[in-house]
Amino acid sequence: MANQHVLVTYTAAQSFQSSDNWIHFLAALRSLLPLRNLHWKPTSRPNLRTVQELDVSLVPLDSLRDEHTSQVPVTLLEKPLLNLYVLSCEDAETYKTTVKKQIKDWQTSVNQRKNQEWLIIHVVRPDSKNVDRKFFSMKGSVLDKIKGDFNIDKRDRCVQLPWSTGEQSPAVWADLIGKIKDGLLAAFDTAVLAREEEVKRSEGQRHMPGWNFCTYFILKESLASSFEGVNLFEDALQQYNELEATFMNVLGEKNMSWFGNLINPAPKDDSLPLLSPSKKSYRELILANTISIFDLRVYLLARQSMLLNKMQQPIEICRKAILFLSTFGKRLREVEMALPEYFVESWIFSSALSVVDQCDAWASSWPELEGIALARYNAIKGELLELAKSQLDILGVKVGHLPPKPPFLMALQTVSTTPSSPLPERNPSQRISKYEIMLAIGDIEAFYDLYCTISNRAIDAYVKAGRRKFALKLHGCLAALDNHRGRLSNALAIFSSLPAHYAPHMWTSLESFMLSHAIDTHAVLQKPRDREWIHLLLGFLKTYVNEPTSESLISHDINEYVTKLVTALREASEKLDSDLPHLDHPIMALEITKDTRCSQDEDLVYLTVLIHNRLPCDVHVDKIGVVLVGEDTTRLKFTAEFTKLVSGRNYLVLTCPTSSHGTYVHESVEIRIARLHFQWNRKSGGGAGDALTSRKHAIPVHLPRNPESLDVQLCLPPNTALGTTPKLHLTISSGRNDLATASVRLSAPAGVTFDFVNSELHSEGVGEIDTSEDGISIFNVPSNSNVIISVPHSDATRFRAIKIDVSITYKTVRDPALEWTLRTSRIVTVALPIAVNVEDFFRGERQVIPGLDSSVKLRTMFVTRLFSRFTISTTTQQHVRILSARLLSAPDAEQGAKIFGCHPSHSVMTAVPDRPVSYIFCIESDRGPVSDPLNLVISYRLLREEVEALVNKTVENALRQLSQESDVGTKLVQAIIEYLECDASWVELYNTTGELIIPSSLDVGEELEEAFSPVQKILSQPNPPSPSLGPWREMTIPVDVPKMNIVADAWIAIQPPPQTEELPRNQLPSIYAGQALSATVYITASLHWNDPENKRQRYRMRYDVEERTKDWLICGRKRGDFLVQDKSTFSVCLTLIALHHGHIELPKVEVKPLPLDGEEDVPKVLPSSDTHQSHGAETVLVLPRGGRSTFIVSMGTKRV
């Protein structure tokens, strides 16, 4: 349908039309067209519509012929929507006598036209529009008179235009253009509303006799054409969509009496462009009620596509075309026998290609598509081209160019040829007109060329759209075509390469089809069954297992076919020159059961597994291996050899020569068929988990511990000496095995290494060892014995505990050909459980100062004594028992130092986290400083170890009395220890009284109940800490005796005031607050703890008496410097005045050395010193003064 413009008529006053300004005015008005940005608020619709651009045609009113309205509605735009009357009159008398009548006649004329608006334009000179008029003027302007004469309703249909020739300012024309827009939209809204009422009235009569869909179609289409004419394409498309929906309703009601046949095939109907609305006189056929359903549907699709083209939506065009061709194509196949031969295939083929070409032609005039829009457009074009290709599949099978089997038969299977009613016979004179189809039917090579061309076009479109899997499907069709044409090498190459592309998209049926064809083509070409053939076969078996329904695409008996392939697979794998691993193949599914047990004769562990053979035949395997991994990454491999796996479920028992125990999870599985190794790894991606086990998560497997098998322990040695190379004790228990050889490997975290070369065999162990840089070899170890080896290692103080992986491979005397393994890990706490801090105090003997009165107190003077206090605290929350702490001289140290220790109040002391234990030692040295270090030896054990020893001893005694087996004792001890570990409430009571309360409600099981009662009773009795209960550990710490350049003793002596009466010896007279007291500060220095060569040196020191302004007023030389030498005494006199009564401490005297004199360029050295306040613990009793004091206080009564 040709595009229509909105009609606007114009009429001008004779005086204005005959002037020269008229031509310029009309040209200026037309230059403002088309109109832009019209906003229409329909009366019958909720949303605002915006017309971006509206084409308008200005025509004279007298040029339109006044004919009767046609009974066949075409569009609302075939009649004018707006009528303009233009006048230029500025004289009121002229308007009254002449112009007014002309306007009246024109108004009468246009008012007779339905759904049309009118507008009067008064053109004036720009300088006359704003002429001032007096307010009380009785005469109005010409514009006012026009409005008063013709604006009958409330709407203003008069506008003034201040214009002169050449005036093109948008502001001048804005008012006029706005009035024109309003008039057009008002007229259009009225017309649309009226036409919609007609449509509703017609639709409401649909079930009444005489109603005709074709008439309704024409009426409804007039609305669509009207919307299209004003560029409201979405509203126009909505009308056609509603027509389509109404048609489908009518079709469902089977009320088709006013239609012709389903199709009246005309020449070239199968080859004409699908989206051309002008290829037939569709409106005439509709008006004549002779249009067929086929033509009506084609016309409706063409009109929808034309509108979508204007909306620039090619994807929607193609989508509608695909839906129409697919659905209506099925309808045509029901009457296929009445149509020309191959008509349906030719029509769908031609239509699909024409839609692609038409959309490309339309898209060439649009802005270039990009990104997602371009990809979607290419994808929908690919679907159209694939639809065309499917018609060639149907056609090829029908004429014999293609074999009636997949993939060509897949398109034919969707075709239904059963008619719903008897059909007329086919007219032999009618033939299809598509040249390419006619040529392809008669020439097989032309058919193949056309097939490849269309397929490659579809592939190219899919590739551009990023739809690789759709392109791969078409590649498979081309491979099948090559196979049919005898191009086997090409077919094999494509069949072999395509499955890898199908697999990620889960197209299992197509993958199986391609692989089976590749295998068959490989056999026809008689190629060797090499690794490439094995991979093809394994890929096919994978699809068979994963998609059993894919067998419908294979022409063979599937079970027999698979059985032959499995037999050929084993033969081919036996001829391989090297092993061929294959990962995560689903032909087998393995599940690990919880059935594990140990051998009673040797270090063997049995593991029962369930293997599900998903193939329809038996499979002979050479070896099955399952690898279990522990939490410390230790791996154990269980194997079984030479067995047959029947189709379905198979229970097998696998063995592993190991003495390892604990909890493991499955890591990998391997099944060997000759040199083909199927491998599954639990951690690998994809379908490995489904192939390895039926469960999604790792399956824990508990391997029981055999008490008679080989075992290993790691611990710290009982005696630890700080400052020496750290060592570990490695204890290997042979169990029931007579070890011929054993190789031990230890590994620890980064930074910790073992010195295997310097490892030593402990005297308590048996056997022989040979060391190397890599590990330790052990020989000739009898059964039920222990090998104890001391292994040095690097510094591990930055770790609290280290996890050590132990790997032992050993051979027994009984079976020297078989190698056994033990892989485990042990956590060894290398951090010491206690920490030691030391404080040193220099003290001496008490002597009387010579020359002083005997009533003066004795003073302290440093001579030869050093007191050291060692504080032992725990480094963890564990309680530690301490048996003793001894401070010893080194065996090779010089004599001269005497060490005295204080006797503790208890034989066994306990250090807890918040209460450390202290030991004090006195060191006397007549020769001065002690140069050789001393050793602090601490005997200790953890409270946990003591409790375990107590429980073990108590259980052992109870079982001895009950004559029960040792296994019962082991389980009972384990149950009690587990309870004590979970509840720490027993610790406080046990530390106090030694009672270990175990509740009777503890669930130990029926077999342990008899032994539990006496054990519980014994443990609940008071049991003081005993040194004999369990072994003790020793820790030796080297201790350096400190040196001190100067040791000073400061003392303040108060001189007694003269008294009239005698007092007892060593008693001061009463001292009162405010009384002046004479005092002497004595400072005695000792160089006893200085280096011998420095004892004759003189040192300068400074004293400073503490200012205690709240207690004492000090008068005299409170600060000063003095010289000291060994055993020298310095004194200074002061006066002290007590500021209050009570027991008052004497001031402290700070004594510090001054830097030694040296050369100018050499930094001055400050000697070390220590000062003891001999009077630090003394106080002076100060009494309050007696007497009476009078105070006068003002008691005034003055008020404010």
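Residues numbered from 1 in each chain as written. Predicted model: local features only at pLDDT ≥ 70, side-chain atom pairs only at ≥ 80, totals over all residues. Heavy atoms only, no water.

A few words now on the overall build of the protein. If you tally the helices and strands in the protein, you get 25 helices and 45 strands. Of all 1200 residues assigned to the protein, the portion counted as buried reaches 47%. The contacts in the protein between residues at least 6 apart in sequence include a share of 74% that link residues at least 24 apart. Total accessible area on the protein is roughly 61,900 Å²; 50% of this is exposed by carbon and sulfur atoms. (Helix = DSSP H or I, 4+ residues; strand = E, 2+ residues; numbered from the N terminus. Buried < 20%, exposed > 50% of the residue type's maximum accessible area, 1.4 Å probe, protein only. Contact = heavy atoms within 4.5 Å. Areas by Shrake-Rupley, 256 points an atom, 1.4 Å probe, with all protein chains shown as cover.)

The N-to-C vectors of helix 5 (residues 170–204) and helix 6 (residues 213–229) enclose an angle of 155°; their axes lie 10 Å apart at closest approach. Classified by the angle between their axes, helix 5 and helix 6 sit roughly antiparallel to one another. Of the two elements, helix 5 crosses helix 6, and the hand of that crossing is left-handed. Taken together, the residues of helix 6 that come into contact with helix 5 (itself represented by Phe188, Val192, Arg195, Glu196, Glu198, Val199, Ser202 and Glu203) are Tyr216, Leu219, Lys220, Ser222, Leu223, Ser226 and Phe227. (Axes fitted to C-alpha atoms, helices over the stretch in contact; angles between N-to-C directions. Parallel < 35°, antiparallel > 145°, perpendicular 65-115°, else oblique. Left-handed = near helix turned anticlockwise from the far one by under 90°.)

With that settled, the discussion passes to the pattern of salt bridges. Considering all chains together, one arrives at 58 salt bridges under this definition. Note that Arg457 is salt-bridged to Asp357, the shortest N-O span being 3.8 Å. Taken together, the residues span a long stretch of sequence, with Arg457 in helix 15 (residues 444–465) and Asp357 in helix 11 (residues 343–363) at a distance of 100 residues. The exposure class assigned to Asp357 is partly exposed, which follows from its relative accessible area of 43%. The closest approach of N and O atoms between Glu981 and Arg944, which form a salt bridge, is 2.6 Å. You can see Glu981 sitting in helix 23 (residues 966–982) and its partner Arg944 sitting in helix 22 (residues 943–962), a full 37 residues away along the chain. Overall, the relative accessible area of 48% leaves Glu981 in the partly exposed class. (Salt bridge = Lys/Arg side-chain N within 4 Å of Asp/Glu carboxyl O.)

The next thing to look at is the nonpolar core. The biggest cluster of nonpolar side chains holds 190 residues, and the ones touching the most others in it are Phe25, Ile121, Trp173, Leu184, Leu332, Trp347 and Leu615. Dropping the residues within four chain positions of it, Leu332 is found in contact with Leu262, Ile263, Phe294, Leu339, Phe343, Val344 and Trp347. (Core = buried A, V, L, I, M, F, W, Y, C linked by side-chain atoms within 4.5 Å.)

Here the focus is the sheet that holds strand 41 (residues 1128–1138). The five strands lie next to each other as 39-41-37-35-44, forming an open sheet whose pairing is mixed. Two strands bound the open sheet, and with one partner strand each, they are strand 39 (1112–1116) and strand 44 (1169–1173). Ignoring strand direction, the axes of neighbouring strands in this sheet form an average angle of 30°. Relative to strand 44, strand 35 (residues 1046–1055) runs parallel, the two being bridged by five bridges. Its bridge partner being in strand 44, Val1047 is matched across the sheet by Asp1170. (Pairing = 2+ DSSP bridges.)

This paragraph deals with the side chain of Asp603. In this fold, Asp603 is placed in the loop between strand 9 (588–598) and strand 10 (604–613). Those residues in contact with Asp603 that lie beyond four places of it in its chain are Cys656, Pro657, Thr658, Ser659, Glu708, Ser709, Leu710, Arg736, Asn737, Tyr810 and Trp820.

A few words now on the sheet that holds strand 1 (residues 6–12). An order of 4-1-5-6-7 is seen for the five strands of this open sheet, with the pairing classed as parallel. On the outer flanks of this sheet lie strand 4 (56–60) and strand 7 (158–162), each paired with one strand and no other. Within the sheet, the average angular offset between the axes of one strand and its neighbour, ignoring direction, is 30°. The pairing of strand 5 (residues 82–87) with strand 6 (residues 117–124) spans six bridges and is classified as parallel. Residue pairing across strands places Leu84 opposite Leu119, the latter belonging to strand 6.

Next up on the list: the packing of aromatic side chains. Across all of its chains, the model carries 35 aromatic pairs by this definition. Ring geometry for Phe294 against Phe328: centres 5.9 Å apart, planes inclined by 40°, an arrangement best described as tilted. A residue pair is termed long-range when its members are at least 10 positions apart, and Phe294 in helix 9 (residues 293–310) and Phe328 in helix 10 (residues 314–333) qualify at 34 residues. Each member of the pair Phe294 and Phe328 is classed as buried. Connected via pairs of aromatic rings, a cluster forms that spans Tyr10, Phe16, Trp22, Phe25, Trp163 and Trp173. A cation over an aromatic ring shows up here: Arg467 above the ring of Phe470, its NZ or CZ 5.3 Å from the ring centre. A cation sits over an aromatic face here: Arg941 above Trp1032, 3.8 Å from the ring centre. (Phe/Tyr/Trp six-rings, centres within 6.5 Å; stacked < 30°, edge-to-face > 60°. Lys NZ or Arg CZ within 6 Å of the ring centre and 35° of its normal.)

This next bit is on the pairing of strand 33 (residues 934–942). Of all nine residues in strand 33, eight are buried; the element is thus mostly enclosed. Inspection of the sheet shows strand 29 (residues 880–889) paired to strand 33 by nine bridges, in the antiparallel sense. Across the sheet, the residue bridging to Leu887 is Leu936, located in strand 33. Note that strand 33 and strand 34 (residues 1033–1039) share seven bridges and pair antiparallel. By the bridge assignment for strand 34, Val937 is matched with Thr1036.

We now examine the confidence of the model for the protein. Model confidence for the protein is summarised by a mean pLDDT of 83, while 88% of its residues fall at 70 or above. Confidence drops under a pLDDT of 50 for residues 130–139, and excluding neighbours within four residues, the segment shows two contacts in the predicted structure. Here residues 685–696 is a poorly scored stretch, pLDDT under 50, and it has 29 contacts once near neighbours within four places are set aside; other chains count. (pLDDT = per-residue confidence, 0-100.)

Another point: the side chain of His793. Secondary-structure assignment places His793 in the loop between strand 24 (786–792) and strand 25 (801–812). Overall, His793 belongs to the buried group, its relative accessible area being 6%. Apart from the residues lying within four places of it in its own chain, the contact partners of His793 are Thr725, Pro726, Lys727, Leu728, Val752, Thr753, Phe754 and Asp755.

Before going further, it helps to examine the environment of Leu652. Tracing the backbone shows Leu652 in strand 13 (residues 648–657). Note: C-alpha distance between Leu652 and Ile624 (28 residues apart in sequence) is 9.5 Å. The residues contacting Leu652, other than those within four sequence positions of it, are Leu607, Thr608, Val609, Ile611, Ile624, Thr643 and Leu645.

Attention shifts here to the pairing of strand 5. With respect to burial, strand 5 is a largely interior element, six of its six residues being buried. Neither face of strand 5 is open: one carries Leu82, Leu84 and Val86, the other Asn83, Tyr85 and Leu87, and all of them are buried. Where strand 1 and strand 5 come together, five bridges link them in parallel fashion. Looking at strand 5, one finds that Thr11 is bridged to Tyr85. Crossover handedness for the path strand 5 to helix 3 (residues 92–111) to strand 6: right-handed. (Right-handed = clockwise from strand over helix to strand, strands pointing away.)

Below, the discussion takes up the environment of Leu77. Positionally, Leu77 belongs in the loop between strand 4 and strand 5. As for Leu77 and Val6, which are separated by 71 residues in sequence, their C-alpha atoms are 5.8 Å apart.

Running from N to C, helix 14 (residues 435–442) and helix 15 point in directions that differ by 130°, and their axes come no closer than 5 Å. On the basis of their axis angle, the class for helix 14 and helix 15 is oblique. Note on packing geometry: the crossing formed by helix 14 with helix 15 is left-handed. Taking contact as the criterion, the partners of Glu436, Leu439, Ala440 and Gly442 in helix 14 are, on helix 15, Ile444, Ala446, Phe447 and Leu450. The class makeup of the residues in the contact of helix 14 with helix 15 is six nonpolar, one polar and one charged. (Nonpolar A, V, L, I, M, F, W, Y, C, P; charged D, E, K, R; others polar.)

So, about unusual backbone geometry. Looking along the chain, the bond that leaves Leu33 and enters Pro34 is cis, with omega of 0°. By the secondary structure assignment, Pro34 is in the loop between helix 2 (21–31) and strand 2 (35–40). If you check the backbone angles, Asn784 has positive phi at about 55° while not being a glycine. Summarising the element assignment, Asn784 is placed in the loop between strand 23 (776–781) and strand 24.

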